[in-house]
Amino acid sequence: MALTPQNNEAFIREVDEELRREQMSNIGRRYGLLIIAAILLALAAFGGWTWWQHRQNAIAGEQGQQLATALDDIQQGRSTQGSAIVAGLTTSDKDAVRATALLTQADLLLSKNDVKGAAAAFGKVAADETLAQPFRDLALVRQTSVEYDTLAPQQVIDRLRGLADKGSPWLGSAGEMVAIAYLRQNKLQQAGQTFALIAQTDGVPESLRARAVQMAGSLGVDAAPAAPAAAQ
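Not measured: the values here are computed from a predicted model.

With that settled, the discussion passes to the overall build of the protein. For the protein, the count of helices and strands is ten helices and zero strands. What you see in the protein, going N to C, is helices and strands ordered as α-α-α-α-α-α-α-α-α-α. Across the 232 residues in the protein, those meeting the buried criterion constitute 32%. Long-range pairs, those at least 24 residues apart, make up 42% of the contacts in the protein with a sequence separation of at least 6.

What follows covers the side chain of Thr194. Inspection of the secondary structure puts Thr194 in helix α9 (residues 188-199). You can call Thr194 buried: its relative accessible area is 11%.

Next up on the list: the pattern of salt bridges. A complete count under the given rule lists seven salt bridges for this structure. Here Asp128 and Arg98 are joined by a salt bridge, their closest N and O atoms 4.0 Å apart. One end of the pair, Asp128, is in the loop between α5 (115-126) and α6 (133-147); the other, Arg98, is in helix α4 (residues 95-111), with 30 residues separating them in the sequence. The two residues Asp128 and Arg98 agree in class, both being buried.

The next subject is α4. Helix length check: α4, at 17 residues, gives a terminal C-alpha distance of 24 Å against a target of 24 Å (1.5 Å per residue), a fit within 8%. Of the positions making up α4, those classed as buried are Val97, Arg98, Ala99, Ala101, Leu102, Leu103, Thr104, Ala106 and Leu108. Positive phi shows up at Asn113, right after α4, with a value of about 65 degrees.

On to the nonpolar core. Val156 and Leu160 are the most contacted members of the largest nonpolar core, which totals 28 residues. Of all the secondary-structure elements, those providing two or more residues to this core are α4, α5, α6, α7 (153-159) and α8 (171-184). Considering each element in turn, this core owes the most residues, six residues, to α5. Apart from the residues lying within four places of it in its own chain, the contact partners of Val156 are Thr144, Tyr148, Leu151, Met177, Val178 and Ala181.

Moving on: unusual backbone geometry. A positive phi angle is found at Asn113, which is not glycine, with a value near 65 degrees. Turning to its location among the elements, Asn113 is positioned in the loop between α4 and α5. One non-glycine residue, Asn186, adopts positive backbone phi at about 65 degrees. When you line up the elements, Asn186 lands in the loop between α8 and α9.

Attention now goes to the confidence of the model for the protein. Of the residues in the protein, 62% reach a pLDDT of 70 or more, and the chain-wide mean stands at 74. This stretch, residues 30-40, has a pLDDT under 50; its non-local contacts, to residues over four places away or in other chains, come to two contacts. In this model residues 51-56 is a low-confidence stretch, pLDDT under 50, and it forms three contacts with partners more than four residues away in sequence or in other chains.

By secondary structure assignment, the location of Gly123 is in helix α5. Among the residues examined, Gly123 registers a relative accessible area of 15% and is labelled buried. Between the C-alpha atom of Gly123 and that of Gln143, which follows or precedes it by 20 residues, the distance is 6.0 Å.

Procedures and definitions
- Residues numbered from 1 in each chain as written.
- Predicted model: local features only at pLDDT ≥ 70, side-chain atom pairs only at ≥ 80, totals over all residues.
- Heavy atoms only, no water.
- Helix = DSSP H or I, 4+ residues; strand = E, 2+ residues; numbered from the N terminus.
- Buried < 20%, exposed > 50% of the residue type's maximum accessible area, 1.4 Å probe, protein only.
- Contact = heavy atoms within 4.5 Å.
- Salt bridge = Lys/Arg side-chain N within 4 Å of Asp/Glu carboxyl O.
- Expected span 1.5 Å × (residues − 1).
- Core = buried A, V, L, I, M, F, W, Y, C linked by side-chain atoms within 4.5 Å.
- pLDDT = per-residue confidence, 0-100.

Okay, here's the thing in structure tokens:
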């Protein structure tokens, strides 16, 4: 067991200086080369770890640049070239790169009107527990949007539970789908309250908030933002 700093200091004070000098001399003669070797190995390991970290950062930067180039190619109509780059990045060991590549592939399928393929691709990302939750949540919202017309209202509500709540970054998109699902179930109060929550939440796009105010109002729920208090 390692000594605490206090115990170590007490130990040093109790040990005769000459005895310690002799002991250190013996250790140096017996194990000097081993100690030096250990130090060199430690330095080599640290240097290797530093190089590995630098290399990983460099790889992430390179892949990020490739992804940016691919997305630019796709936006400029060079979809074949961009798609090939994206496909190569779907196996990246960098989660952000891999997730973005997979989501891009799903969007490419959707742009080709392959709704079933796009939904499956989004669903694959949503179910991938190795990816960070924000990527999975985004994929789930996109999957639900793609499949919306084929899902039962309760499926939509259950699937987006938690994403349509206050504080969720997906409240706008997920909340609107949930509110419409409530309407399809004829649960007007729940629909109105969900629209009101969207309308009164900062960060939701203004166009969506304006639409939510109108929908909530039509359902008898006042969703207008509270007026600022008058100065005293």
